[in-house]
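Survey of secondary and tertiary structure
If you want the building blocks of each chain, they are given just below.
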Amino acid sequence: MVLELHVWGPGFSLPSIDPQCLATIAYFVKTVPKDKWVLVASSDPSVSPNNELPALKDGQTWVSKFRNIVDYVRQYSSEEWDLDTDWDGLDKADITAFSAFLESNGQLLLDLSLYVSSQNYYAATSPAYGSILTWPNQWILPPKLRNAAKHRTEHLGLSSLDLEATEEQQRERERAAAGVTAGQIPASLITRPRETVSSLLGKTAQYSQFRLDGLTAELFEPLEQLLGAKKYLLADGQRNSSLDVLVLGYLSLALFAEVPSKWLRESLRTKTPRLAKYVERMRDECFGGVVRLEEAFPDTAEVKTKSFLPWRQPERINAVKIGSTLLNTLADATPILKDFRMNSRLQQSAKSMGGSKEEGDSKNAKAVSVYANAQRRDLYISIASVAAGLAAMVGYLTYNGVIVFGSEDDHEEEEVVYEPPSWDSISAPTVQSLFG
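The notes below deal with the structure included here.

Rules used throughout
- The numbers attached to residues start from 1 for each chain and follow its sequence in the written order.
- Only residues with pLDDT of at least 70 get local features here, since the model is predicted, and only at 80 or more are side-chain atom pairs given and counted; chain-wide, interface and lining totals rely on the full set of residues.
- Side-chain metrics in this entry use all non-hydrogen atoms of the structure; hydrogen atoms and water are not considered.
- Lines fitted to C-alpha atoms define the axes here, with helix axes fitted over just the stretch in contact, and angles between the N-to-C directions of these axes take values from 0 to 180 degrees.
- Where helices and strands are cited, they refer to DSSP runs of H or I of at least four residues and of E of at least two residues respectively, numbered from the N terminus.
- What sets the label is the angle itself: under 35 degrees gives roughly parallel, over 145 gives roughly antiparallel, 65 to 115 gives roughly perpendicular, and the rest give oblique.
- The hand of a helix crossing depends on one turn: near helix anticlockwise from the far one by less than a right angle means left-handed, and clockwise means right-handed.
- Residue contacts follow a heavy-atom distance rule, with two residues in contact if any of their heavy atoms lie within 4.5 Å.
- When residues are sorted by character, Ala, Val, Leu, Ile, Met, Phe, Trp, Tyr, Cys and Pro go into the nonpolar class, Asp, Glu, Lys and Arg into the charged class, and all the rest, Gly among them, into the polar class.
- The cut-offs for exposure are 20% and 50% of the maximum accessible area for each residue type, with area from a 1.4 Å probe on protein chains only; residues under the lower value are buried, those over the upper are exposed, and the others partly exposed.
- For our purposes a nonpolar core is just a set of buried Ala, Val, Leu, Ile, Met, Phe, Trp, Tyr and Cys residues, chained together by side-chain atoms within 4.5 Å.

Before going further, it helps to spend a moment on the packing of helix α1 (residues 19–31) against helix α9 (residues 242–256). It is at 8 Å that the axes of α1 and α9 come closest, and there the two elements cross at 140°. By the angle between their axes, α1 is oblique relative to α9. Read as a crossing pair, α1 and α9 show a hand that is right-handed. Note on element contacts: α9 touches α1 through Ser242, Val245, Leu246, Leu248, Gly249, Tyr250, Ser252 and Leu253, opposite Pro19, Gln20, Leu22, Ala23, Ala26, Tyr27 and Lys30. When grouped by side-chain class, the residues that make up the contact of α1 with α9 number 10 nonpolar, four polar and one charged.

What follows is the structure, encoded as structure tokens:
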């Protein structure tokens, strides 16, 4: 059976716009025979039960995320398709440590450059997603991804490359200044906004350059030192590792993304030139050079034959899929349903992690599963508490007559209408008595 690797589609002359997808594609190129897998630019996380890409489909089995897919492929092939099989001891420890370091720091830098920056997002990232997404995902997914990037980088205090946030801060400063001038607000009570990239960059060009240099050097310089003069990160010759493809996934987006604000690319090229050339060479080895958008959608045999990667045409969008997308979007915007859906995805992630033979992954899967079960119990308790509170409130209002149950006829008082007697109904004796 052929394995199906579902990824975000091409962007910036790369086979995917997502670093984890790029790393997974490179891993498959290096390990899995070309006739044993196909690459599908579905660009739709909902194809996977975990609602994540990259996602590997093997019959009825779905596995998501780079590390989980690598573990699954290793087990699937009886450890034949394993880039790390020749490494042990300190080398394996380096692979684990640098991989975690790269995924954490690399993702933050890509978030700032491609998503948080309004200039880069609107000029490059959003159009790139628009070219690979169909309606309505092209209007739903990019803003959702950008909000997630803002959330991930919020703790840095460097998330206001976003021009909208900067403008809002400026308006707040103007309102505060107006209040102080009018004597309405004491100057000592004015709170200063948190320092952000935008405010830092606005101080002096020298300081802003120093700040950005510090952010990028923290990621690039350790990798360049590890690379040294070797062909690959850990050794010369043909002995590459999963760390090599992971570095390619993250740094290729930093190096090749065509964006107006090129601070991330320039830092990689000027401060770590050997690392930049290494990424260029790895791009040619794993992706065959520049990847065109039409390669991911091979509607003709000629396009498919010329492709370096084993692309397969994604399924066509239909009315059922559109309806499902809209319903899922609505469910994710509804508080209780959103919590249940997130909990289900967490349990799916625990199941996929549980299939790994690695002891650490097995422990993590058990911890995630325990957390997911506890979270679901808390959800049930919260719903029961809300329901009990509503029932108590309705009972109280009913007891005090604020809420009345039953038909209106049961509670309306009978109206008494006075009608004067007609002359025809008055007898003759009565008339005589009235007039004597």
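Next, the rest of the story.
What follows concerns unusual backbone geometry. The omega torsion of the bond from Leu53 to Pro54 falls at 5°, within 30 degrees of zero and hence cis. On the secondary structure map, Pro54 appears in the loop between β2 (37–40) and β3 (55–58). Of note, the phi angle at Ser78 is positive, near 55°, even though the residue is not glycine. With respect to the helices and strands, the residue Ser78 is situated in the loop between α2 (66–76) and α3 (90–116). Classification of Ser78 as exposed rests on a relative accessible area of 63%.

So, about the nonpolar core. The biggest cluster of nonpolar side chains holds 84 residues, and the ones touching the most others in it are Phe28, Leu251, Tyr278 and Phe287. It is α9 that provides the largest number of residues to this core, a total of 11 residues. When near neighbours in sequence (up to four residues on either side) are disregarded, Phe28 contacts Leu3, Leu5, Trp37, Leu56, Ile69 and Val73.

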